[in-house]
Amino acid sequence: MSDLHGYYLEDLEVGMNASFAKTITDADVCLFAGISGDTNPVHINDEYAKTTMFGKRIVHGMFSAALISTVAGTKLPGPGAIYIDQQIKFKAPVFIGDTANALLTVEEIDMRRKRVKCKTEVYVGDKIVATGSATFMVDKREA
């Protein structure tokens, strides 16, 4: 099972980063609405969305947060890491068809508490659409 584990605390260094990109489809948005229960018409109703300031449907903000979770759970810190905290600010909308790229960068490592703080960012092209920080609990290597 150790081959399924991501980074151990001792293997992490400030400045390490990893990312995950996804082109978001209509099906992704509809499935996310179904899973989350967030059926706000700005996400799922074309006619309603045309009347908003965005002029068309936007992707759920928490979809961007889910992409951050993808990086954390699969790449950095990786499998075995436990999400403790997330602060996030949504800076711009994401639209269906956009490719959102979530980036995590290690900022602090607390060996005593087994915590890793990461800067979290989501981009569409060069534009930042979400920014914040997250804290993860990460195992130490067994002696």
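Residues numbered from 1 in each chain as written. Predicted model: local features only at pLDDT ≥ 70, side-chain atom pairs only at ≥ 80, totals over all residues. Heavy atoms only, no water.

Got a minute to help me understand the pairing of strand β5 (residues 127-137) in this structure?
Bridge count between strand β2 (residues 82-90) and β5: eight bridges; the pairing is antiparallel. Considered in β5, the bridge of Tyr83 is made with Phe136. The pairing of strand β4 (residues 115-124) with β5 spans 10 bridges and is classified as antiparallel. The partner of Lys119 across the bridge, within β5, is Ser133. (Pairing = 2+ DSSP bridges. Helix = DSSP H or I, 4+ residues; strand = E, 2+ residues; numbered from the N terminus.)

Any chance you could explain the nonpolar core here in plain terms?
The nonpolar side chains of a soluble globular protein tend to be buried with one another. The biggest cluster of nonpolar side chains holds 29 residues, and the ones touching the most others in it are Ile24, Leu104, Val116, Val122, Phe136 and Val138. The set of elements that each furnish at least two residues to this core consists of α1 (26-36), α4 (61-74), β3 (99-110), β4 and β5. It is α4 that provides the largest number of residues to this core, a total of five residues. Contact partners of Val138, with chain neighbours within four places excluded, come to Tyr7, Tyr8, Leu9, Leu12, Pro77, Ala81, Lys114 and Val116. (Core = buried A, V, L, I, M, F, W, Y, C linked by side-chain atoms within 4.5 Å. Buried < 20%, exposed > 50% of the residue type's maximum accessible area, 1.4 Å probe, protein only. Contact = heavy atoms within 4.5 Å.)

Would you explain the pattern of salt bridges in this entry?
Should the charged atoms of two oppositely charged side chains come close, the side chains can pair. Throughout the structure, instances matching the rule amount to six salt bridges. Across the pair Asp11 and Arg141 runs a salt bridge, and its minimum N-O distance is 2.5 Å. Placement of the pair is Asp11 in the segment before β1 (17-23) and Arg141 in the segment after β5, with a sequence separation of 130 residues. On the accessibility criterion, Asp11 (31% relative accessible area) is partly exposed. On the basis of relative accessible area, Arg141 is assigned to the partly exposed category, the value being 42%. (Salt bridge = Lys/Arg side-chain N within 4 Å of Asp/Glu carboxyl O.)

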